[in-house]
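Structural characterization, general
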Amino acid sequence: MVTVGVLGLQGAFREHVTVLRSLGADTRRVTRPEHLDGIDGIVLPGGESSAMVRLAAAVGLFPELSARICGGLPTFGTCAGLILLADRLTDDTLSGYDRPGGLDITVARNAYGSQRESFVAPLQVHGLDREFMGTFIRAPQIVDPGSAEVLATHAGVPVLVRSGSVWGGSFHPELGPDSRIHQLFLEHVGVPV
């Protein structure tokens, strides 16, 4: 059985665990560098990116995670996880803190508005045969996809991208009954489920 780590510092990590287990993967909560040993992939969930970088800094997690991502560890970041994986941000609110990076994209934090402006939208996702309902909650926006492949857009703006074994989405694929994006990620990076 494969083991997928889920960054468990803060945010929607439990929902990702539920989806991954429903697909037959074993999961491990990752909160320290040593938790990265032996995992076959990792998911960075939505939540509060500023809280995550502070908590990770206390234990030196993100430099080690960055090295694993550079070494080919399959990685999927959603919402705040996308912010952590972006090589560039449009503001400097997280400057001074390590982020794992790994996606050649530029992201604007909370670009879709506050909690009140949250919404659900149908998305055409490359590799899926029918629409996926994406949940956007204080979502970041990919303002420049750089060299990443765009897998889905909303209103002409990229919302799901990948570069090699690193995926990032502006929305929360774990907040609904449809597990196809998680399955697509696992299949694409060669993690059998």
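From a predicted model like this one, the values you see are computed outputs, not experimental measurements.

**Section: the UniProt feature "active site" (unreviewed entry) in the protein chain**
Per the UniProt record, the feature "active site" (unreviewed entry) sits at Cys79, His172 and Glu174. The greatest C-alpha distance among the annotated residues, which extend across 96 residues, is 10.9 Å, indicating that they converge on a single site. In the annotated group above, the largest pocket draws its lining from Cys79 and His172. In this fold, histidine 172 is placed in the loop between strand S12 (166-169) and helix H5 (180-188). For histidine 172, a relative accessible area of 7% corresponds to the buried category. In this view, histidine 172 contacts Gly46, Cys79, Thr135 and Ile137; residues no more than four positions away in its chain are not counted.

**Things to note about the sheet that holds S12**
As summarised here, the arrangement of the seven strands in space is S2-S1-S3-S4-S12-S11-S10, forming an open sheet in which the pairing is mixed. Looking at which strands have only one partner, the edges of the open sheet turn out to be strand S2 (26-30) and strand S10 (149-154). On average, each strand axis in the sheet is inclined to that of its neighbour by 20 degrees, with strand direction left out of account. Where strand S4 (residues 75-78) lies against S12, four bridges are found, and the strand directions are parallel. Among the inter-strand pairings, threonine 78 is bridged to a residue of S12, identified as glycine 169.

Parameters and conventions
- Along every chain, residues carry numbers that run from 1 in the direction the sequence is written.
- Only residues with pLDDT of at least 70 are given local features in this predicted model, and only at 80 or more are side-chain atom pairs given and counted; all residues enter the totals for whole chains, interfaces and linings.
- Calculation of side-chain values draws on the structure's entire complement of heavy atoms; hydrogens and water are dropped beforehand.
- UniProt positions are given in the numbering used here, feature names are shortened, and annotations may be inferred rather than shown by experiment.
- A cavity here means a set of points on a 1 Å grid, drawn over the protein atoms and nothing else, where a 1.4 Å probe fits but cannot get out; a pocket is an open set with protein on both sides within 12 Å along at least five of seven lines, and a residue lines either one if it has an atom within 4 Å of a point.
- Numbering of helices and strands runs from the N terminus; a helix is a DSSP stretch of H or I covering at least four residues, while a strand is a stretch of E covering at least two.
- Only protein chains enter the accessibility calculation, which uses a 1.4 Å probe. A residue is then buried if its area is under 20% of the maximum for its type, exposed if over 50%, and partly exposed in between.
- Contacts are residue-level and defined by heavy atoms, with any inter-residue pair within 4.5 Å sufficient.
- At least two DSSP bridges between two strands are needed for those strands to be called paired.
- Lines fitted to C-alpha atoms define the axes here, with helix axes fitted over just the stretch in contact, and angles between the N-to-C directions of these axes take values from 0 to 180 degrees.

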